[in-house]
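Secondary and tertiary structure notes
Each chain is listed here by its residues.
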Amino acid sequence: DAGITQSPRHKVTETGTPVTLRCHQTENHRYMYWYRQDPGHGLRLIHYSYGVKDTDKGEVSDGYSVSRSKTEDFLLTLESATSSQTSVYFCAISESGEAGLSYNEQFFGPGTRLTVL
Amino acid sequence: AQSVTQPDIHITVSEGASLELRCNYSYGATPYLFWYVQSPGQGLQLLLKYFSGDTLVQGIKGFEAEFKRSQSSFNLRKPSVHWSDAAEYFCAVRYNQGGKLIFGQGTELSVKP
């Protein structure tokens, strides 16, 4: 299994509080991703990173920010959590983002279940 | 917009029966296609992938999938389902650089004895 950990694994918080989720990898992969999973929607990309301090938005980035100060860590922050951000959050990594390369498949972490009351 | 559709939200099959899960993607440049499986409370595990070449690809756990460009489909199959195959299955596609995957909504598979 790819060396990906997420912390915390479960969190309950209140509306309006800041929340930071951490993804840590030991594979030295360049690309890292944050997804949210909701019933009926599959996984939707929030933000991704293609290197240290290089990030870009995904399709559902509103209300989220990210940071990557080291290759191994990718942080997802909810500045002011809302109930609509209750979800399961998955981190993923890939060696490359280049299309058509066999080593650009994504490996997923175990997920973080976040509940915003 | 580029999209992936899994028409079946939930499928129930008997143990030992064959399985086919459907996946259709919106038209675009050569797609790179994936099937992932998610067991309850777990992350996603890659079953198989298609980049080019032979349109019938073999994956782990006895699964295979066939890419049909004319039908914009990438259906997942297994000849004989085991109870341990009960899980949720996601089809995903990537069209371009950046590594961004587009996921289908998922198909939940139940296996009855």
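In the block above lies the structure referred to throughout.
Here goes a summary of the coordinates provided. (Residues numbered from 1 in each chain as written. Chains lettered and ligands numbered in written order. Predicted model: local features only at pLDDT ≥ 70, side-chain atom pairs only at ≥ 80, totals over all residues. Heavy atoms only, no water.)

The next thing to look at is the environment of threonine 82 of chain A. Residues and elements named next belong to chain A. Relative to the assigned elements, threonine 82 resides in the loop between strand S8 (73-78) and strand S9 (87-94). With 48 residues separating them in the primary sequence, threonine 82 and tryptophan 34 have C-alpha atoms 18 Å apart. Each residue touching threonine 82, except ones within four places of it in the same chain, is listed here: Thr15 and Val116. At 2.9 Å, the side chain of threonine 82 and the side chain of serine 84 are in polar contact. (Helix = DSSP H or I, 4+ residues; strand = E, 2+ residues; numbered from the N terminus. Contact = heavy atoms within 4.5 Å. Polar contact = N/O pair within 3.5 Å; in protein donor to acceptor, adjacent residues only side chain to side chain.)

One pass over the structure, following the stated rule, counts two disulfides over all chains. Put simply, cysteine 23 of chain A and cysteine 91 of chain A are joined by a disulfide, and their sulfur atoms are 1.9 Å apart. Because the sign of the S-S torsion sets the handedness, a value of about -70° for the bond joining cysteine 23 of chain A and cysteine 91 of chain A places this disulfide among the left-handed ones. In this pair, cysteine 23 of chain A is assigned in strand S3 (residues 19-25) and cysteine 91 of chain A in strand S9, connecting sequence segments 68 residues apart. One exposure class covers both cysteine 23 of chain A and cysteine 91 of chain A, and it is buried. Disulfide pairing is shown between cysteine 23 of chain B and cysteine 91 of chain B; the S-S distance is 1.9 Å. Judged by the torsion about the S-S bond (-65°), the cysteine 23 of chain B/cysteine 91 of chain B disulfide is left-handed. (Disulfide = S-S within 2.5 Å. Buried < 20%, exposed > 50% of the residue type's maximum accessible area, 1.4 Å probe, protein only.)

Further remarks concern the sheet that holds S8 of chain A. All names here are of chain A. Here four strands make up an open sheet; going across it, the order is S1-S3-S8-S7 and the pairing antiparallel. The sheet terminates laterally at strand S1 (4-7) and strand S7 (64-70), the two strands that pair on one side only. Taken pair by pair, the neighbouring strands of this sheet meet at an average axis angle of 20°, ignoring direction. Pairing analysis gives six bridges linking S3 to S8, with the strands arranged antiparallel. Each residue of the ladder has a partner; that of histidine 24, found in S8, is aspartate 73. (Pairing = 2+ DSSP bridges. Axes fitted to C-alpha atoms, helices over the stretch in contact; angles between N-to-C directions.)

If you walk through the whole model with that rule in mind, you get nine salt bridges over all chains. Of the charged contacts, one joins arginine 36 of chain A and aspartate 38 of chain A as a salt bridge, the two residues approaching to 2.8 Å between their closest N and O atoms. Here arginine 36 of chain A and aspartate 38 of chain A have matching classes, each one buried. Two residues, glutamate 66 of chain B and arginine 77 of chain B, come together in a salt bridge whose shortest N-O distance is 3.2 Å. Of this pair, glutamate 66 of chain B sits in strand S8 (residues 64-68) while arginine 77 of chain B sits in strand S9 (residues 73-78), and the two are eleven residues apart along the sequence. (Salt bridge = Lys/Arg side-chain N within 4 Å of Asp/Glu carboxyl O.)

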